[in-house]
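Working through the structure, step by step
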Amino acid sequence: MTKTNALRLLSQAGIPYRTASYDYDEADLSGLKAAQAIGFPPEQVFKTLVTRGDKRGILVFCIPVCCTLDLKKAAKAAGDKKVEMVHQNELLPLTGYIRGGCSPVGMKKAYPTFLDETAELYDEIAVSAGARGQQLILSPADLIDYGQLQVCDLTE
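The rules behind each value
Residues numbered from 1 in each chain as written. Predicted model: local features only at pLDDT ≥ 70, side-chain atom pairs only at ≥ 80, totals over all residues. Heavy atoms only, no water. Helix = DSSP H or I, 4+ residues; strand = E, 2+ residues; numbered from the N terminus. Rg over C-alpha atoms; globule rule 2.2 N^0.38 Å. Buried < 20%, exposed > 50% of the residue type's maximum accessible area, 1.4 Å probe, protein only. Contact = heavy atoms within 4.5 Å. Pairing = 2+ DSSP bridges. Axes fitted to C-alpha atoms, helices over the stretch in contact; angles between N-to-C directions. Arc of directions from axis to C-beta.

Moving on: the overall build of the protein. When you go through the protein residue by residue, the secondary structure sums to five helices and eight strands. Reading the helices (α) and strands (β) of the protein from amino to carboxyl end gives α-β-α-β-β-α-β-α-β-β-β-α-β. For a compact globule of 156 residues, the expected C-alpha radius of gyration is about 15 Å, and the protein comes in at 14 Å, within 12% of that figure. Here the C-alpha coordinates of the protein stretch approximately 40 × 30 × 30 Å along the principal axes. The buried share of the protein, reckoned over its 156 residues, is 47%. Of the contacts made within the protein by residues no fewer than 6 positions apart, 62% connect residues no fewer than 24 positions apart.

What follows is the structure, given as structure tokens:
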């Protein structure tokens, strides 16, 4: 397991976590495959989506891999009129992460980050550890506290 920036930062902060590795397929980087590979229900594995708001700029949303981000709810949560997904070519320069390995922890800059409220239903959730084929498993409360995430309803 590669020690990613996300894992280094959580270790330095003394936040407990565990990791899970799996073989990924370049042709299918869906979170559903990740959930299946680590043996978690899809509702408990969260994907990290990077958007651009019309007022606030870059915004990050974490939602279950089985769900779709509701752009209207996302904009409302962020205080913007509208948000749109950034192009995947922008991911690496903006976040330091690539598609399929984007973690809400350890991005190049601290962007406003929002977590779907369903995360609080679980003792632990999985998010990308910052590399394809690596998941970070931790308590949603620790993720919320560490990243100063806002919790809200984000899915369709």
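Bringing the sheet that holds strand 7 (residues 134-138) into the picture now. Strands belonging to one sheet form pairs held by backbone hydrogen bonds; the direction of such a pair is parallel or antiparallel. As summarised here, the arrangement of the three strands in space is 1-7-6, forming an open sheet in which the pairing is antiparallel. Each edge of the sheet is formed by a strand with only one pairing partner; in this case those strands are strand 1 (18-21) and strand 6 (125-128). Within this sheet the neighbouring strands show an average axis-to-axis angle of 30°, counted without direction. In this structure, strand 1 lies alongside strand 7, joined through four bridges in antiparallel fashion. Pairing of alanine 20 across the sheet is with glutamine 135, part of strand 7.

So, on to the sheet that holds strand 5 (residues 113-116). Strand order in the open sheet made by the five strands is 4-2-3-5-8, with mixed pairing throughout. Since the sheet does not close on itself, it has two edges, and those belong to strand 4 (83-85) and strand 8 (150-152), each with one partner. Direction aside, the axes of adjacent strands within the sheet are offset by 35° on average. Here eight bridges tie strand 2 (residues 46-53) to strand 3 (residues 57-64), and the two strands are oriented antiparallel to one another. When the bridges of strand 3 are listed, phenylalanine 46 appears paired with proline 64.

Moving on, we come to helix 4 (residues 88-95). Those residues of helix 4 that sit buried are Leu91, Leu94 and Thr95. With its buried residues spanning 90° around the axis, helix 4 presents them on a single face. Seen from the open side of helix 4, the exposed residues pointing more than 90 degrees away from its buried face are Asn89 and Pro93. Positive backbone phi, at 90°, marks glycine 96, one or two positions downstream of helix 4.

Attention now moves to the environment of glutamine 44. Along the chain, glutamine 44 falls in the loop between helix 2 (31-38) and strand 2. Distance in space between the C-alpha atoms of glutamine 44 and valine 65 is 8.1 Å, their sequence separation being 21 residues. In this structure glutamine 44 touches Tyr122, Glu124, Ile125 and Ala126, once residues within four positions along its chain are discounted.

This part covers unusual backbone geometry. Within the chain, glutamine 148 stands out as a residue other than glycine whose phi angle is a positive 50°. Considering the arrangement of structural elements, one finds glutamine 148 in the loop between helix 5 (140-147) and strand 8.

With that settled, the discussion passes to the side chain of glutamine 135. Along the polypeptide, glutamine 135 turns up in strand 7. Not counting residues within four places of it along the chain, the set of residues in contact with glutamine 135 comprises Arg18, Thr19, Ala20, Tyr22, Ala34, Ile38, Val45, Ala126, Val127, Ser128 and Ala129.

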